[in-house]
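# Breakdown of the fold
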Amino acid sequence: MTTMTEASVREFKMPDVGEGLTEAEILKWYVQPGDTVTDGQVVCEVETAKAAVELPIPYDGVVRELHFPEGTTVDVGTAIIAVDVAGGAAPVAEEPAQAQVPAEKQPEEAKPQGRQPVLVGYGVAASSTKRRPRKGADVPSQEPSTAARALQSELNGHGPAAAVKPPRPLAKPPVRKLAKDLGVDLATVTPTGPDGIITREDVHAAVAPPAPAPEPVSQPAPVAVPAATSAPVATYDAARETRIPVKGVRKATAAAMVGSAFTAPHVTEFVTVDVTRTMKLVEELKQDKEFAGLRVNPLLLISKALLVAIKRNPEVNASWDEAAQEIVQKHYVNLGIAAATPRGLIVPNIKDAHTKTLPQLAGELGELVSTAKEGKTSPAAMQGGTVTITNVGVFGVDTGTPILNPGESAILAVGAIKLQPWVHKGKVKPRQVTTLALSFDHRLVDGELGSKVLADVAAILEQPKRLISWA
């Protein structure tokens, strides 16, 4: 198999720019047919289920053809652009034959180079990285020692595609364990879940005995009856409706939220707190030279308050391993911040947030928010989160019941901070008040632990000096 239609034309294929992603949408082309491109030049921007990523071309040449227009969702491994390579040496189909080519005749990209662009999941040189085969791929088997290297080369347009194993049935670890316990081969199960995922019900259906055929009964003489009213059918007014394809970040968010809501038993607790002193501290910090050039807002102190609460109650910082039936205690905090972007909701996180000073935390928060708004958040920035904060107060609402980010044990929702009548020192006075809501996974966080965490956050925001005394 070759990726060329002519000796000097190479097909650049959609690489896996994330971890096991199977498709990406072409957002924008930066080149057109006839344009000259160089090794490492960005030719397009694509959006995966996790982020928008720019793709560099791995060789020099002239663009011959763009195979897909902007807005098209393309499977990983599908050719997206054809390039007439400068110098025009055709790739050799067989690896042994390539070894016979004299050194001076080797293709340009086989020579050692200086800096070479590398994206997550694809590189410029052959490697042993294993790739997830595209859905429905039907390819012959190949020796394990060369399969991964050949597939990597093919995805970059350097050689023939590798043969890979048939796709593994899609199922979550608990479902795989259930199938193993029941002696069911997942390859024989018909999936009914989203994106072809096998559910528990599918496994149970595979082992359930077939329903007995109904016994024949004598038919009575027909009796004239009024015609039955048919069930109402949903109608659509296409002229006044707009249908938006679910893809990219929106598709990933929907799948994650459904999976979380129906996997982790959610409990949400609420507390209303006087944050007047916290708001005064925010104004003081804005004048502090240590925070010059940094964005100081209530979210900064709320984030620090949650980090201190986790330090006082470390058991809340954990995750549930269904397959191993274990609770995984995290001795680090990767603090996620839910961010609304034009492409949908994303949750990048600040790595090792528990080690940051207040000025450092302010800098990380500012960079995280600005990067998210620009749509440049990397997939790595959205992986490995342990707890999350969602600030719904910026939209003017009092609070909410947030859904856990998959793999995390808790999420804190912050409502709008409003001036309200409040009993302060025995008198009713106008005070700045907000409502906090903490959702947690009740499998590993019981009511006492969740209540302690929420109460600690509220106590710190009411008396921010506790950031020092409790730290």
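Since the model is a prediction, treat every value here as computed from it, not as a measurement. (Residues numbered from 1 in each chain as written. Predicted model: local features only at pLDDT ≥ 70, side-chain atom pairs only at ≥ 80, totals over all residues. Heavy atoms only, no water.)

Before going further, it helps to spend a moment on the overall build of the chain. The helix and strand tally for the chain stands at 10 helices and 21 strands. Within the chain, the fraction of its 471 residues that count as buried is 40%. Sequence-distant contacts, at least 24 apart, represent 62% of the contacts inside the chain between residues at least 6 apart. Only carbon and sulfur atoms are counted for the fraction: they give 56% of the accessible area of the chain, which is about 26100 Å². (Helix = DSSP H or I, 4+ residues; strand = E, 2+ residues; numbered from the N terminus. Buried < 20%, exposed > 50% of the residue type's maximum accessible area, 1.4 Å probe, protein only. Contact = heavy atoms within 4.5 Å. Areas by Shrake-Rupley, 256 points an atom, 1.4 Å probe, with all protein chains shown as cover.)

What follows deals with the environment of valine 207. For valine 207, the location among the structural elements is in helix H4 (residues 200–207). Overall, the relative accessible area of 40% leaves valine 207 in the partly exposed class. Between the alpha carbons of valine 207 and glycine 183 there is a distance of 8.8 Å; along the sequence they are 24 residues apart. Excluding its chain neighbours within four sequence positions, the residues that come into contact with valine 207 are Leu182 and Val184.

This part takes up the pairing of strand E5 (residues 52–56). A large share of E5 lies buried, amounting to four of its five residues. Note: strand E4 (residues 42–47) against E5, five bridges, orientation antiparallel. Counted as the bridge partner of valine 42 is proline 56 from E5. (Pairing = 2+ DSSP bridges.)

Our focus in this paragraph is the nonpolar core. Membership of the largest hydrophobic core comes to 47 residues, with the highest contact counts inside it found for Leu300, Leu306, Ile389, Leu412, Leu436 and Val457. Only helix H6 (276–286), helix H7 (298–312), strand E14 (335–337), helix H8 (358–373), strand E18 (387–391), strand E19 (410–414), strand E21 (427–441) and helix H9 (447–462) provide two or more residues apiece to this core. The biggest single contributor to this core is H7, with 10 residues. Those residues in contact with isoleucine 389, other than ones at most four positions away along the chain, are Leu299, Ile302, Ser303, Leu306, Leu335, Gly336, Ile337, Ala338, Leu412 and Val414. (Core = buried A, V, L, I, M, F, W, Y, C linked by side-chain atoms within 4.5 Å.)

With respect to the secondary-structure elements, threonine 401 resides in the loop between E18 and E19. Measuring from C-alpha to C-alpha, the distance between threonine 401 and isoleucine 411 comes to 9.4 Å, with 10 residues separating the pair along the chain. Leaving out residues up to four positions away in the same chain, threonine 401 has contacts with Thr268, Phe270 and Ser439.

What follows covers a nonpolar patch on the surface. Residues Val394, Phe395 and Val397 make up a contiguous nonpolar surface patch of about 310 Å² in total accessible area. Relative to the assigned elements, valine 397 resides in the loop between E18 and E19. (Patch = residues over 30% accessible without salt bridge, like charges linked within 9 Å, V, L, I, M, F, W, Y side chains within 5 Å. Salt bridge = Lys/Arg side-chain N within 4 Å of Asp/Glu carboxyl O.)

The subject of this paragraph is the sheet that holds strand E3 (residues 36–37). In space, the four strands of this open sheet follow the order E1-E8-E6-E3, with antiparallel pairing throughout. Of all the strands in the sheet, just strand E1 (9–13) and E3 have a single pairing partner and so form its edges. Here two bridges tie E3 to strand E6 (residues 61–66), and the two strands are oriented antiparallel to one another. Counterpart to valine 37 in the pairing with E6 is glycine 61.

Quick look at the confidence of the model for the chain now. Of all residues in the chain, 71% have pLDDT values of 70 or greater, and the mean over the chain is 78. When mean pLDDT is taken per element in the chain, H7 scores highest with 97 and helix H1 (residues 95–99) scores lowest with 40. Low confidence marks residues 87–148, where pLDDT is under 50. Its contacts with residues over four positions away, or in another chain, come to 91 contacts. With pLDDT under 50 throughout, residues 157–164 is counted as low confidence; its partners more than four residues away or in other chains account for 36 contacts. (pLDDT = per-residue confidence, 0-100.)

Residues spaced three or four apart along an α-helix point in a common direction, a consequence of the helix completing one turn every 3.6 residues. An ideal rise of 1.5 Å per residue puts 21 Å on 15 residues; H7 measures up with 21 Å between its terminal C-alpha atoms. Burial runs high along H7: 12 of the 15 residues are buried. For H7, the full list of buried residues reads Leu299, Leu300, Leu301, Ile302, Ser303, Lys304, Ala305, Leu306, Leu307, Val308, Ala309 and Ile310. (Expected span 1.5 Å × (residues − 1).)

Let's shift gears to the environment of histidine 442. Inspection of the secondary structure puts histidine 442 in the loop between E21 and H9. Overall, histidine 442 belongs to the partly exposed group, its relative accessible area being 38%. Within the local environment of histidine 442, its side chain forms a polar contact with the backbone oxygen of valine 445, the two atoms lying 2.9 Å apart. (Polar contact = N/O pair within 3.5 Å; in protein donor to acceptor, adjacent residues only side chain to side chain.)

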